[in-house]
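Residue-level structural notes
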Amino acid sequence: ESLPWQIHLRRHQSELTYGEVFAELVQDGQHPVLPIGLLRSSTGTNKPYVVTNPKSDTRLRENDLLFVLGDRRFGHAAYQEGLLPLSGKNGRGSPKARWSLAWDGSNAPTDPESTPPRQRRHMR
């Protein structure tokens, strides 16, 4: 079962092209995912925008977020690695928000161990 995830770039990916990161993510031996787009901050305004299926030569930026399709194991690994933007930790090692908006629209903790069992089944 594939779920949509929004993730930070890993440090080494911030100057790569979308095509290079795409290949890296779909060929990952442990947790392959399918990138489908990115969220990018605009240089001219304060409003970010979404790019679906960017051209392979699109140069990624440090503050880009990727949209990917992956299974629950990927989600758990991304949480452990600090790649989920609203998970309470991030890829740069500093804490962020403690709560994330769950896919069903309710506010739920993103740490599976602190989640009530009924909500936990939606997180794994």
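Residues numbered from 1 in each chain as written. Predicted model: local features only at pLDDT ≥ 70, side-chain atom pairs only at ≥ 80, totals over all residues. Heavy atoms only, no water.

1. Thoughts on the overall build of the protein
Defined as follows: Helix numbering and strand numbering both begin at the N terminus, where a helix is a DSSP run of H or I of at least 4 residues and a strand a DSSP run of E of at least 2. Only protein chains enter the accessibility calculation, which uses a 1.4 Å probe. A residue is then buried if its area is under 20% of the maximum for its type, exposed if over 50%, and partly exposed in between. Contacts are assigned to residue pairs with any non-hydrogen atoms lying within 4.5 Å of each other. Surface accessibility in these figures is a Shrake-Rupley result with a 1.4 Å probe; residues are shielded only by whichever protein chains are displayed.
Counting secondary structure elements, the protein contains three helices and six strands. Reading the secondary structure of the protein in the N-to-C direction produces β-α-β-β-β-α-β-β-α. By the burial criterion, 34% of the 124 residues in the protein qualify as buried. Counting only contacts in the protein whose residues sit at least 6 apart along the sequence, the fraction spanning at least 24 positions is 55%. Split by element, the accessible area of the protein, about 7800 Å² in all, is 52% carbon and sulfur.

2. Thoughts on the environment of Glu20
Tracing the chain through its elements places Glu20 in helix H1 (residues 18-26). On a C-alpha basis, the gap between Glu20 and Asp57 in space is 8.4 Å, while along the polypeptide they are 37 residues apart.

3. Some details on a nonpolar patch on the surface
In plain terms, the rule: Here the term patch refers to residues with relative accessible area over 30% and no salt bridge, with like charges joined within 9 Å and nonpolar side chains (Val, Leu, Ile, Met, Phe, Trp, Tyr) within 5 Å. The rule for a salt bridge is simple: a side-chain nitrogen of Lys or Arg has to be within 4 Å of a carboxyl oxygen of Asp or Glu.
On the surface, Phe22, Val26, Leu34 and Ile36 cluster together into a nonpolar patch covering about 280 Å² of accessible area. Residue assignment for the nonpolar patch shows that the elements contributing at least two residues are H1 and strand S2 (34-40). Given a relative accessible area of 32%, Val26 falls into the partly exposed group.

4. Description of the packing of aromatic side chains
Filter applied, for reference: Aromatic pairing here means that ring centres of Phe, Tyr or Trp (its six-membered ring) are within 6.5 Å. Orientation follows from the plane angle: under 30 degrees is stacked, over 60 is edge-to-face, and everything else is tilted.
Applying the stated criterion to the full structure yields two aromatic pairs. Ring centres of Tyr18 and Phe22 lie 6.2 Å apart, and the angle between their planes is 50 degrees; this geometry places the pair in the tilted category. Taken together, the residues Tyr18 and Phe22, both in helix H1 and four residues apart, mark about one turn of the helix. In this structure Tyr18 comes out as buried when scored by relative accessible area, which is 3%.

5. Concerning the confidence of the model for the protein
We apply this condition: Note on scores: pLDDT gives the predictor's confidence for each residue, bounded by 0 and 100.
Overall, the prediction assigns the protein a mean pLDDT of 79, with 71% of residues at 70 or greater. In the predicted structure, residues 92-124 sits below a pLDDT of 50 and forms 56 contacts with residues beyond four places in sequence or in another chain.

6. Details of the environment of Thr52
Note on placement: Thr52 falls in strand S3 (residues 49-52). C-alpha separation for the pair Thr52 and Ile36, spaced 16 residues apart in sequence, amounts to 6.0 Å. Apart from residues no more than four positions distant in its own chain, Thr52 is found in contact with Ile36 and Gly37.

7. Side note on the sheet that holds S2
The condition that has to hold: Only when DSSP finds a minimum of two bridges between them are two strands counted as paired. Simply put, an axis is a line fit to the C-alpha atoms, just over the touching stretch for a helix, and the angle between two N-to-C directions goes from 0 to 180 degrees.
Taking strand neighbours across the sheet as the criterion, the four strands line up as S1-S4-S2-S3 in an open arrangement whose pairing is antiparallel. Unpaired on one side and paired on the other, strand S1 (3-8) and S3 mark the two borders of the sheet. The sheet shows a mean angle of 25 degrees between the axes of neighbouring strands, direction not considered. Inspection of the sheet shows S2 paired to S3 by four bridges, in the antiparallel sense. Residue Leu39 lies in a different strand from S3, and its bridge partner there is Val50. H1 contacts S2 and strand S4 (65-70) of the sheet and is inclined by roughly 140 degrees relative to S2.

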